[in-house]
Amino acid sequence: MRAARPGNVIEIADDSRYAGDLVISTNAEGLPLDGITIRAASGKSPIIAASSTTDANIRIVGVRSVAIQGLNIDGGQAGIE
């Protein structure tokens, strides 16, 4: 996310399990990541797992038009907040 640009597509190309607590907000330059897409590659099923039962797996803060496609959400109180 730190190197992403507004409108980028980030494609996860494997079936791995990734730690949640992902925050989609701004990049390292402070640009809001409006219009970003995070998706699973064709035929893949990556898992975004919350680190505890009280956390959201993915938090979207202060940006618009975020697309989440084909990701599996595991655990957490709010999958996407």
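The sections below set out a description of the structure shown in this document. (Residues numbered from 1 in each chain as written. Predicted model: local features only at pLDDT ≥ 70, side-chain atom pairs only at ≥ 80, totals over all residues. Heavy atoms only, no water.)

1. What to know about the pattern of salt bridges
Where charged atoms from two side chains of opposite charge come close, those side chains can pair. Across all of its chains, the model carries four salt bridges by this definition. A salt bridge links arginine 5 to glutamate 29; the shortest N-O distance between them is 2.6 Å. Taken together, the residues span a long stretch of sequence, with arginine 5 in the segment before β1 (9–12) and glutamate 29 in the loop between β3 (22–24) and β4 (37–40) at a distance of 24 residues. The shortest N-O distance in the salt bridge between aspartate 34 and arginine 64 comes to 3.8 Å. With a gap of 30 residues between them, aspartate 34 in the loop between β3 and β4 and arginine 64 in the loop between β6 (56–60) and β7 (67–69) connect regions that are remote in the sequence. Residue class for aspartate 34 comes out partly exposed when judged on its relative accessible area of 25%. Its relative accessible area of 59% is what places arginine 64 among the exposed residues. (Salt bridge = Lys/Arg side-chain N within 4 Å of Asp/Glu carboxyl O. Helix = DSSP H or I, 4+ residues; strand = E, 2+ residues; numbered from the N terminus. Buried < 20%, exposed > 50% of the residue type's maximum accessible area, 1.4 Å probe, protein only.)

2. What about unusual backbone geometry?
In this model, aspartate 21 sits at a positive phi of 60°, which is unusual for a non-glycine residue. With respect to the helices, strands and loops of the structure, aspartate 21 is situated in the loop between β2 (17–19) and β3. By relative accessible area, aspartate 21 is classed as partly exposed at 38%. Here serine 65, not a glycine, exhibits a phi torsion of approximately 55°, which is positive. In this structure, serine 65 sits in the loop between β6 and β7. Residue classification places serine 65 among the exposed residues on the basis of a relative accessible area of 63%.

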